[in-house]
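# Structure assessment
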Amino acid sequence: MKITAVKTAATVGHGMHLWVKVETDEGITGIGECVHGGVQAIALIQQLQAKLVGRDPFQIDAIFEQLRRQNVFNGGFAGALITALTGIELALWDVKGKALGVPIYELMGGKFRDEIKVYADCQVEPGMDFDDIKRVLDDMLARGFTAFKIDLDIFAYGHSGSEVEGFRKDRFNYTAGPWEHERMVRLAEMARELAGKEIDFAADVHTRLDVPSAIRLAKDLEPFHLMWLEEPVPPENVDAMREVKQSTTTPICAGENLYLRHGFRDLIESQAVDIIMPDIPKCGGLSECRKIAHMAEIYYMPFAPHNVSSPIGTMASAHVCATVPNFLALEFHWLERDYWSTIITDKEDIIKNGFIKLPDRPGLGIELDETVGREYQYPGTTWFE
Ligand code: MG
């Protein structure tokens, strides 16, 4: 079997969802997805196509590593090039599974579990008050999720960096003032009250605190028994992250913006976090993330992948989650988008009562509905041309 074409399409969503289709001379096509690579990833995939056509699609790891090494001067350590290769890698696994007639997880050593626990990222926004946030949490819990995540930093400033009413802190300084600290703790307290004792929840502060502010917050959150506190300080200073981790019994999680095994090595080997959260359709793909999970496993560190992908990237992530012992929970970040179920040909939610059941069909096990996808086509992009 030979690769005959590599094509892309993109939809609006969490920034941009970028789909990758790999076609072969035997009529088998594979679908992949990558996120946070932007238009740069589209250009890179188009450029890489010349190196892929004519190759054996079964040589997934070798293709990935060869193209990465050929491009070390162009971002072969982190960033859009890795994300572009990731989208291709996911599609190649779908091709291989379909060609051999087995699900991807069977090619990766088989399943540790049949169902993948999903946690819902609650879409709380700057400007919401506690009553607004309670409604979001009530709606999410009514959908049957057994775990969720809430952004505690929404009172500081929005995801876009815009100021909101109640803004008390300097836009660049990382110190949480008393007002802001109190709001974050009260929000976590409300989440625990709504969740009860059985539902897990995590809290994210998007790297927006300095070390003393992060330690104070983590310690004050201890009574609420969080699943984790996410990225209390920026992840690039492993020593600072470890200082926070060692100060508290609240588990600390980080890694959504790191790439490849090499990006996670310091974090894992210095045990600067309790839990790691690579974004599988972004940071290196299925093979690489299994290796990252196994690196963490030797420190008994859980693996809880970050995920903002559509059902395609989510299901690809689920295949990895099924095949590693230390899987904890996989993110779901589409609560607010109603085409989650219609953008795949099965027309049903892959998540049921907070869990994804791995399909027993070959390859990824689900297919993109291109007609629906086109309705959300990203402006200025082409559609699998
Ligand atoms: Mg996060």
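Everything numeric here is computed off the predicted structure, so don't read it as measured data. Position numbers for residues count from 1 along each chain, tracking the sequence in the order it is written. Selection of residues for local features in this predicted model requires a pLDDT of at least 70, selection of side-chain atom pairs for listing and counting requires 80 or more, and totals for whole chains, interfaces and linings are taken over all residues. Values shown for side chains rest on all heavy atoms present in the structure; no hydrogens or waters enter the calculation.

With that settled, consider the sheet that holds strand β1 (residues 3-13). Pairing between strands requires that DSSP locate at least two bridges from one strand to the other. For helices the rule is a DSSP run of H or I covering at least 4 residues; for strands it is a run of E covering at least 2, with both sets numbered from the N terminus onward. Pairing within the open sheet is antiparallel, and its three strands lie in the order β1-β2-β3. Looking at the sheet topology across the chains shown, the edges are occupied by β1 and β3 (29-35). Averaged over neighbouring strand pairs, the angle between their axes works out to 20° when direction is ignored. With 10 bridges joining them, β1 and strand β2 (residues 15-24) adopt antiparallel strand pairing. Bridge pairing links Ala5 to Glu23 in β2. With axes taken as lines fitted to C-alpha atoms, and helix axes fitted only over the stretch in contact, angles between N-to-C directions fall between 0 and 180 degrees.

A word on the coordination of the magnesium ion. The coordination sphere of the magnesium ion contains the protein donors Asp204 (OD), Glu230 (OE) and Glu256 (OE), at a distance range of 2.0 to 2.2 Å. Sodium, potassium and calcium take a 3.2 Å donor cutoff, other metals 2.8 Å, and in both cases only N, O and S atoms count; water is not among them, so sites may look incomplete. One chain supplies every donor to the magnesium ion, and in sequence these donors are spaced D-x25-E-x25-E. Of the two residues, Glu230 is situated in strand β7 (residues 228-230) and Glu256 in the loop between β8 (252-254) and α9 (260-269); the sequence distance between them amounts to 26 residues. The exposure classification of Glu230 matches that of Glu256, with both residues buried. Here's how the labels work: a residue is buried when its accessible area is under 20% of the maximum for its type, exposed when over 50%, partly exposed in between, all with a 1.4 Å probe on protein chains only.

Let's shift gears to empty space enclosed by the protein. A 1.4 Å probe that fits into a set of points on a 1 Å grid over the protein atoms alone but cannot get out defines a cavity; an open set with protein on both sides within 12 Å along at least five of seven lines defines a pocket, and lining residues are those with an atom within 4 Å of a point. Grid points are joined across faces, edges and corners, and a volume is the space filled by probe spheres set on the points. Applying the stated criterion to the full structure yields two cavities of 30 Å³ or more. Counted as a void, the largest cavity has a volume near 40 Å³. Leu52, Ile60, Ile63, Phe64, Leu67, Leu85, Ile88, Glu89 and Leu92 are the residues that line the largest cavity. Going through the elements one at a time, α2 (60-70) and α3 (80-100) are the ones with two or more residues in the lining of the largest cavity. One number sums up the size of the second largest cavity: a volume of about 30 Å³.

In what follows, salt bridge is the name for a side-chain nitrogen of Lys or Arg lying within 4 Å of a carboxyl oxygen of Asp or Glu. Across all of its chains, the model carries 20 salt bridges by this definition. Note that Glu331 and Lys149 form a salt bridge whose closest N and O atoms lie 3.4 Å from each other. On the criterion of sequence distance, the pair formed by Glu331 in strand β10 (residues 330-332) and Lys149 in strand β5 (residues 147-151) is long-range, its members being 182 residues apart. For Glu331, a relative accessible area of 1% corresponds to the buried category. Of the residues examined, Lys149 reaches a relative accessible area of 1% and is grouped as buried. The partner of Asp153 in a salt bridge is Arg208, and the shortest N-O contact between them spans 2.4 Å. Separated by 55 residues along the polypeptide, Asp153 in the loop between β5 and α6 (178-195) and Arg208 in the loop between β6 (200-204) and α7 (211-220) bring together distant segments of the chain. Each of the two residues, Asp153 as well as Arg208, counts as buried. Shared partners join several salt bridges into a network, and the residues in it are Glu65, Arg68 and Arg69.

Within this model, the second largest pocket holds a volume of roughly 240 Å³. Surrounding the second largest pocket, 16 residues form its lining, Glu348, Ile350, Lys357, Leu358 and Pro359 being those nearest its centre. Counted by class, the lining of the second largest pocket contains six nonpolar, one polar and nine charged residues. Residues are sorted three ways: Asp, Glu, Lys and Arg are charged, Ala, Val, Leu, Ile, Met, Phe, Trp, Tyr, Cys and Pro are nonpolar, and all the rest, Gly among them, are polar.

Moving on: α9. Those residues of α9 that sit buried are Leu260, Phe264, Leu267 and Ile268. For α9, the angular spread of buried residues about the axis comes to 95°, placing them on one side. Note: the arc covers the axis-to-C-beta directions of the helix.

Okay, the confidence of the model for the protein chain next. Predicted confidence across the protein chain gives a mean pLDDT of 94, with 96% of residues reaching 70 or more. Each residue carries a pLDDT value, the predictor's own confidence for that position, ranging from 0 to 100. Contacts: residue pairs with any heavy atoms within 4.5 Å of one another. This stretch, residues 157-162, has a pLDDT under 50; its non-local contacts, to residues over four places away or in other chains, come to 16 contacts.

Attention shifts here to the packing of α2 against α3. Axis separation between α2 and α3 bottoms out at 10 Å; the angle between their running directions is 165°. As far as their axial angle goes, α3 and α2 are roughly antiparallel. The handedness of the crossing between α2 and α3 is right-handed. Across the interface between the two elements, Ile60, Asp61, Ile63, Phe64, Leu67 and Arg68 from α2 touch Ile82, Leu85, Thr86, Glu89, Leu92, Trp93 and Lys96 from α3. When the residues that make up the contact of α2 with α3 are grouped by side-chain class, the tally is eight nonpolar, one polar and four charged. By the definition adopted for this analysis, an angle is roughly parallel if under 35 degrees, roughly antiparallel if over 145, roughly perpendicular if from 65 to 115, and oblique otherwise. Helix crossings fall into two classes, left-handed where the near helix is turned counterclockwise from the far one by less than a right angle and right-handed where it is turned clockwise.

Within the secondary structure layout, Arg261 lies in helix α9. Here the alpha-carbon distance between Arg261 and Asn237, two residues 24 residues apart in the chain, equals 17 Å. With residues up to four places along the chain from it excluded, the contact list for Arg261 reads Glu288, Lys291, Ile292 and Met295.

A word on the pairing of strand β4 (residues 115-121). Among the seven residues of β4, six are classified as buried, and the element is accordingly described as predominantly covered. Here two bridges tie β4 to β5, and the two strands are oriented parallel to one another. By the bridge assignment for β5, Ala120 is matched with Phe148.

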